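Breakdown of the fold
Spelled out, the chains give:
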Amino acid sequence: MSARDNEVLVVSCEDDPRAEGRVGYVLDEVPPGELTDYRWTVAGLGLLIGNVLCHDDELEWL
């Protein structure tokens, strides 16, 4: 399963609270593992917000 380019709504984000309520897209091609503490890499959230790492329960898949 590839999650790459799927749109997501960031419901909450421990990594960067400024990302909350924004829509971005997933960069990962495979489900996250130990390296990222089982968090998805989300990009495209805004000009001043870089890529963030979010747990599955912090995201709403669109």
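Please read all numbers here as calculations on a predicted model, not as lab measurements.

Some details on the side chain of E58
- Among the secondary structure elements, E58 is positioned in the loop between strand 4 (52–54) and strand 5 (59–61).
- Of the buried charged residues, E58 lacks a salt bridge, with R39 as the closest side chain of opposite charge at 6.8 Å.
- Within the local environment of E58, its side chain forms a polar contact with the backbone nitrogen of H55, the two atoms lying 2.9 Å apart.
- Residues within four places of E58 in sequence aside, it is in contact with L9, V10, V11, S12, C13, E14 and L53.

Considering unusual backbone geometry
- Within the chain, D5 stands out as a residue other than glycine whose phi angle is a positive 70 degrees.
- Among the structural elements, D5 can be located in the segment before strand 1 (7–10).
- With a phi angle near 60 degrees, Y38 is a residue other than glycine that sits in the positive phi range.
- Mapped onto the fold, Y38 is located in the loop between strand 2 (23–26) and strand 3 (40–43).
- Relative accessible area serves as the criterion here: at 48%, Y38 is assigned to the partly exposed category.

Conventions we followed
- Residues numbered from 1 in each chain as written.
- Predicted model: local features only at pLDDT ≥ 70, side-chain atom pairs only at ≥ 80, totals over all residues.
- Heavy atoms only, no water.
- Helix = DSSP H or I, 4+ residues; strand = E, 2+ residues; numbered from the N terminus.
- Buried < 20%, exposed > 50% of the residue type's maximum accessible area, 1.4 Å probe, protein only.
- Lys, Arg positive; Asp, Glu negative; His and termini not counted.
- Salt bridge = Lys/Arg side-chain N within 4 Å of Asp/Glu carboxyl O.
- Polar contact = N/O pair within 3.5 Å; in protein donor to acceptor, adjacent residues only side chain to side chain.
- Contact = heavy atoms within 4.5 Å.

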